[in-house]
Structures are given as structure tokens and as C-alpha cells.
Amino acid sequence: MAALSKYYSEIMRNHNVTCAYVLHPNESCSWFLIKTLPITIFRVSQFFVPLYFLPLLANSKKLNKEKVYEVLEVFVSSVVGGSFTVYIAFLTICLLSNIFGRSSFWTLIPIPAMTGGLAIFFINDKIRSFFSHACSIVVFDILMRDGSLWPMRMLKTHRSLRTLLFMVLSGVIVDSMYLNSDSVFWLFKPLKKYQKPIEKVPSESKPIDRHHICHHKNSCDSHILHVFKTYLMLGMALEVLKAFFGNFGLFVRNPLSGFIHVIKHIKPNYLLFIGGYPTLTRLTNCILNNWLQKSTRLNQDISAVIGGLPFYFCANETPILAHTFATGIESIWHRYKKYSDPETKTYQWLTKIPFIPLVYIFGGSLMYTSRLFFPWLAPKFLQRLMMLITNCKFDIIGERVHSFWIPEVII
Ligand SMILES: [Zn+2]
Ligand SMILES: [Zn+2]
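The structure presented is a predicted model; accordingly, all values stated were derived computationally and were not measured. (Residues numbered from 1 in each chain as written. Chains lettered and ligands numbered in written order. Predicted model: local features only at pLDDT ≥ 70, side-chain atom pairs only at ≥ 80, totals over all residues.)

Details of the overall build of the protein chain
What the protein chain contains, in helices and strands, is 20 helices and zero strands. Taken across its 411 residues, the protein chain has 33% of its residues classed as buried. Across the protein chain, the fraction of contacts at a sequence separation of at least 24, relative to all contacts at a separation of at least 6, is 73%. (Helix = DSSP H or I, 4+ residues; strand = E, 2+ residues; numbered from the N terminus. Buried ≥ 20, exposed ≤ 12 C-beta atoms within 10 Å, placed from the backbone. Contact = placed C-beta atoms within 7 Å.)

Focus on the packing of helix α6 (residues 110-117) against helix α18 (residues 355-373)
Helix packing for two helices is described by the angle between their axes and how far apart those axes are. Running from N to C, α6 and α18 point in directions that differ by 140°, and their axes come no closer than 8 Å. One way to sum up the angle between α6 and α18 is to call them oblique. Note on packing geometry: the crossing formed by α6 with α18 is right-handed. Residues Pro110, Ala113, Met114, Gly116 and Gly117 of α6 lie in contact with α18, whose contacting residues are Tyr360, Ile361, Phe362, Gly364, Ser365, Tyr368 and Thr369. Its residues assigned to classes, the contact of α6 with α18 shows seven nonpolar, five polar and no charged. (Axes fitted to C-alpha atoms, helices over the stretch in contact; angles between N-to-C directions. Parallel < 35°, antiparallel > 145°, perpendicular 65-115°, else oblique. Left-handed = near helix turned anticlockwise from the far one by under 90°. Nonpolar A, V, L, I, M, F, W, Y, C, P; charged D, E, K, R; others polar.)

Structural notes on helix α4 (residues 65-100)
Compared with an ideal rise of 1.5 Å per residue, which puts 36 residues at 52 Å, α4 spans 52 Å between its outermost C-alpha atoms and is within 8% of the ideal. In the segment just after α4, glycine 101 is the residue with positive phi, at about 85°. (Expected span 1.5 Å × (residues − 1).)

Considerations on the environment of phenylalanine 273
Summarising the element assignment, phenylalanine 273 is placed in helix α14 (residues 268-292). In this structure, the C-alpha to C-alpha distance between phenylalanine 273 and alanine 315, residues 42 residues apart in sequence, is 9.4 Å. Beyond its immediate stretch of four places on either side in the chain, phenylalanine 273 contacts Pro310, Phe311, Phe313 and Cys314.

Some details on unusual backbone geometry
A positive phi angle, close to 65°, is found at asparagine 26, a residue other than glycine. Mapped onto the secondary structure, asparagine 26 falls in the loop between α2 (19-22) and α3 (29-58).

So, the environment of tyrosine 178
Counting through the fold element by element, tyrosine 178 comes out in helix α9 (residues 159-180). Residues tyrosine 178 and aspartate 301 lie 123 residues apart in sequence; the distance between their C-alpha atoms is 9.2 Å.

Things to note about the packing of α9 against helix α16 (residues 318-339)
Two numbers describe how α9 lies on α16: the axes approach to 9 Å, and their chain directions differ by 35°. Here α9 and α16 pass one another in a crossing that is left-handed. Note on element contacts: α16 touches α9 through Leu321, Thr324, Phe325, Thr327, Gly328, Ser331, Ile332, His334, Arg335 and Lys338, opposite Arg162, Leu165, Phe166, Leu169, Val172, Ile173, Ser176, Leu179 and Asn180.

Quick notes on α6
Three or more residues of α6 are buried, namely Pro112, Ala113, Met114, Gly116 and Gly117. On its buried face, α6 is in contact with α4 and α18.

Observations regarding the environment of leucine 234
Within the element layout of this structure, leucine 234 appears in helix α11 (residues 220-246). On the basis of neighbour counts, which here come to 15 C-beta atoms within 10 Å, the residue leucine 234 falls in the partly exposed class. As for leucine 234 and isoleucine 274, which are separated by 40 residues in sequence, their C-alpha atoms are 7.8 Å apart.

Distances and angles like these do not, on their own, reveal function.
See the structure below:
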């Protein structure tokens, strides 16, 4: 990446690239900026409407005024944050181009993307971490595809290493949820929550209730079967939804072809992972609890680690590993903030660093720079998202800029 950046900078220096050339041909900066604001808000809203309002419709029975207000608040904040990120970036491109008389590699994307990232401060606290989390998933994906950093290169090459990392992180996340009732988004929650030990005289005569050892209501067999069925159905539902939204037009034109498309696109390895991961975790937990005749924190942790084995079937799905990595870091961070000793002040200064905005500002910059200058590293989702929220402007910038080194790109 670094070598190519130098090459791009060199070529852009030799051409007199301005914001007008790459961003708004035949238009003045002010007219472009006036016109872009409503379009950007509309485009970003288009992205967030299904994300927030479809789950609301799905839970329409439990709907009340407070719930609708809460979703509306989060929606408005997300639209403001998302559209300001894009708009401030456009504004900075024009501003820097006018100050320096031309645009360079740095003033075209990396620096404007960083200033755009400052929009994170306009975002509601509740969803700030969601924005940052989403950004860190894409950054992890990009770094792994790139493989310049040696740990990322190792992960990229070795499937077993990716599985091992998933297993360890699964243990960390489940342990953290057990201790803190952590608000991280994960596939399942531990069966038992941490409770302060109460000193009790053990009664030897009390018979052992096998079902209560594991903290689930039914017997171990039926519990494990229930978990397997539930998660298998969830996996199926996710796969069907993915195929449905991936080719919505086909369903409208021909429902039968649409149905065949769904069947063809269901990935068995994905189902093995979604169904297998929680089931193996619970199964191991039940075996350990019954063997030791008690449910312990260590049992849950060991189960979560062993349960992560089915990730091997899905190890090529980088976004899952990226989400796991980001969630693992978040869990460690929450725990650190909660348990670091305020008395001794050991590394207390660390808790003052605003990591969430920093990830969004610098991660976002890496994300947009990769999308434009190193498109082979950018995940497909990012390409579609950038096209949608910038009203295809991002692709126009790409075409114009890449035309310097590949002249035939210009249509
Ligand atoms: Zn301009
Ligand atoms: Zn059990």
C-alpha cells in the first residue's frame, strides 16, 4: 500500500488535479456544495430506513410511543452523522483544493475523510460505538486482504490460525458477558450470570438437581436439541434474507426463479457454523457441568473456546472474524474500564483516550482511501455503500483519478 501511495502521489503531482476536475466538472464549488447537501441526506436516509424501521415493523405487536420515539431519535442521529461525514469530506476536498490550487493524493481522500470523521461528535452516544464498530470491521477486512502487516498476513494464509483466533475470542467474549452482562452484540448469551458468592453452610442431605446444575429449564438433551434447531432456523432465515435482498428484482419478475435462486445460494458451511457454534458450546458446557456436578465460570469459558471449532467451516467469511475481533477488543476494554483500580491509578489515563472517535476518524480514512486507490482490497459491501451514500460521486472520483494511470477507464 505504501509503495503504491507514493506512485499515486507522484502522478497526481504531475497533473494539475483540482476539485472541479474530479468532483464537479462544469460546476462551481459553491453550487456543488449547495446541491449536494439535500442529496446526501436523502441517500444516507435510504440506507438507514430499512436498518431501523424493518425490525420495528417485525416487532409491531410490542410497539409503543416510547419505542417509536427511541428509534426515531437513533435514526435522525445516524442520518446526521452519516451525511455529515460525507458532506464535510466533500467540503474539505473543495476547501483544500482552493487553498493549495490543486488536489494531491493526501488532500483528495485521506485528510478530507479524517475531517469528515469528526462528524462522530454529532452522533448520539448510544450509536457512536455502533458506527465505530462497523468501521473497525471494514478496517480489519481491508488489513487482512492487504496482508502487509505480518500478523494479518499469517491470518490470511492459515485457515487454522483464523479458527484458533475465533475460538480464543469466543472465550473472551463469553467470559466478559458472564462477568459484566456486557452489552456487546453476540450470537448467544451465557446461561448463568455472575453473582456475588453468598456464604452458606452446605447441606449434605440435599439431593443434586441435575437440571439446575446447568441453569436451563429442561433436560440437557432437549436443551441442546432446542439450541441446535433454533440456531439452524436462524441461519436459514439469514441466508434466505440475504439471497432475497441480493436479487430482489428476480423475485418480482419470476417468483419460481427467485425461489431456485434462494435454494442455490444457501451456504451449507455457513449453516454448519451458525448451528454448530452455539450447540457445541452448550453441549460442552452440559458435559462439563454434569461431570464436575457444578456450573463454573471456567466451564463456560472452556465451552465457548471449544464451541468455536465449527468456525473452521466458515473461516473464509472475514466479516464474521472481523466482528468477533472488534467485539473481543470491546469486551476487554469494557472490563478494563470497570475493573482497573482507581485507587492506584494504574494506567487510568488509558481510559481517558477517546478510542471510539479515533477509530472512526482514522479507520474511516483508511477505509475510503482503500476504496478509491486500492479497490481490490475493499469489501463489496463498502463499494455498494459508498456508491449509495455519495450518490455515485465516489465512483466518479475513482474513474477520473484512475484515468491518470489507466487512460482507457474514462468512458
Ligand atoms: Zn470544489
Ligand atoms: Zn445441561
